[in-house]
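Summary of structural features
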Amino acid sequence: MQVKSVIILIVCCYCMTAMIFAGNDENKPDTLVIENLTVQKGQPVTVNVSFINDQQLAALTIPLKITGDGFTIDTVLFSDGRVNYLRMRPITISKDRQSVIFGAICMTEAYIQPGTGLMATLILKTDSSFTGACVIDTTTMGPSSVLFTKANSHSFIPLVKSATITVSDSVQKK
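Criteria and cut-off values
- Residues numbered from 1 in each chain as written.
- Predicted model: local features only at pLDDT ≥ 70, side-chain atom pairs only at ≥ 80, totals over all residues.
- Heavy atoms only, no water.
- Helix = DSSP H or I, 4+ residues; strand = E, 2+ residues; numbered from the N terminus.
- Areas by Shrake-Rupley, 256 points an atom, 1.4 Å probe, with all protein chains shown as cover.
- pLDDT = per-residue confidence, 0-100.
- Contact = heavy atoms within 4.5 Å.
- Pairing = 2+ DSSP bridges.
- Axes fitted to C-alpha atoms, helices over the stretch in contact; angles between N-to-C directions.
- Salt bridge = Lys/Arg side-chain N within 4 Å of Asp/Glu carboxyl O.
- Buried < 20%, exposed > 50% of the residue type's maximum accessible area, 1.4 Å probe, protein only.
- Polar contact = N/O pair within 3.5 Å; in protein donor to acceptor, adjacent residues only side chain to side chain.

On a plain count of helices and strands, the chain comes out with one helix and 13 strands. Written out in order from the N terminus, the α and β elements of the chain read α-β-β-β-β-β-β-β-β-β-β-β-β-β. Total accessible area on the chain stands at roughly 10,100 Å², and carbon and sulfur atoms take up 58% of it.

What follows covers the confidence of the model for the chain. For the chain, per-residue confidence averages 84 on the pLDDT scale, and residues scoring 70 or more make up 82% of the total. Residue range residues 3–25 is modelled with pLDDT below 50. Its contacts to residues more than four positions away, or to other chains, number eight contacts.

Read from one edge to the other, the open sheet built from five strands follows the order β5-β8-β3-β1-β12, with strand pairing classed as mixed. The open sheet has two free edges, formed respectively by β5 (71–77) and β12 (159–161), since each of these has just one partner strand. Adjacent strand axes in the sheet meet at a mean angle of 20°, parallel and antiparallel pairs treated alike. Across three bridges, the pairing between strand β1 (residues 31–34) and β12 is parallel. When the sheet's bridge partners are listed, Leu-32 is paired in β12 with Val-160.

For the rest of this paragraph, the subject is the pattern of salt bridges. Counting across every chain of the model gives three salt bridges. For Lys-41, the salt bridge is made with Asp-169, and the minimal N-O distance between the two is 3.0 Å. Of this pair, Lys-41 sits in the loop between β2 (37–40) and β3 (45–53) while Asp-169 sits in the segment after β13 (163–168), and the two are 128 residues apart along the sequence. On the accessibility criterion, Asp-169 (52% relative accessible area) is exposed. The salt bridge involving Lys-125 is made with Asp-74; its shortest N-O contact spans 3.6 Å. On the criterion of sequence distance, the pair formed by Lys-125 in strand β8 (residues 115–126) and Asp-74 in strand β5 is long-range, its members being 51 residues apart. Using a relative accessible area of 48% as the deciding quantity, one classes Lys-125 as partly exposed.

Moving on: the pairing of strand β10 (residues 147–150). Bridge count for strand β4 (residues 57–67) against β10 is four bridges, and the pairing is antiparallel. Each residue of the ladder has a partner; that of Leu-60, found in β10, is Phe-148. The sheet contact formed by β10 and strand β11 (residues 155–156) spans two bridges and is antiparallel. Paired with Phe-148 across the strands is Phe-156, a residue of β11. Between β10 and β11, which pair antiparallel and follow one another directly, the connecting turn spans four residues, one of which, Ser-153, has a positive phi of 75°.

Within the secondary structure layout, Asn-53 lies in strand β3. Looking at Asn-53, its side chain comes within polar contact range of the side chain of Arg-82, at 2.9 Å. If we skip the residues at most four places from it in the chain, Asn-53 touches Asp-30, Arg-82, Ile-112, Gln-113, Pro-114 and Gly-115.

Below is the structure:
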C-alpha cells in the first residue's frame, strides 16, 4: 500500500512540475480555433480546425466532441492544412461518431513552423431534414487531452475557441 502511495505521489509531482514549466509560453497565446458555422438544411457541413503557434511544434493532439443531436463525425481531412506534409497524422473516430482524436507528429520531417492556419477539416453528417445546432469542443479521450508539444518536448495546453454549428431552414444574408 505504501509503495502505491509513493508512486502516485511521484507521478502527481512530476505532472504538476511539467504543467508549471510547460506554461512558460514566449509571446502570443497558442490557440486552437474551431470554426463557427451556419449552414442551410441539406448542405454538407465542413468545419475548419485551425491553430496559431508562435514557436516550432513537434506534435499536436486534438480530441474533439460533438454535443447535440443530429450530427456525426464522418471524416477528418488534412489536405491544404499546415500539417499535410507530415506522415504521422493519426485519426480515431469513436464508434458513436460523436468524438474524434486526431493529431500530427514530426518524425523525420521539419518541425511545424510558427504561424496561423488550417490544421484539418472535419466533415460532419446530418440527416437531410435536420435543423438544429451542436457545439464542438475539446474533450479528454482516454489519457489524451488537447496538447501542443514544442520542439524541445515540453507540452502545454493551448487556448481553445470552441464552435457552434447550426443547420437552419434558410441562411440569412448579412
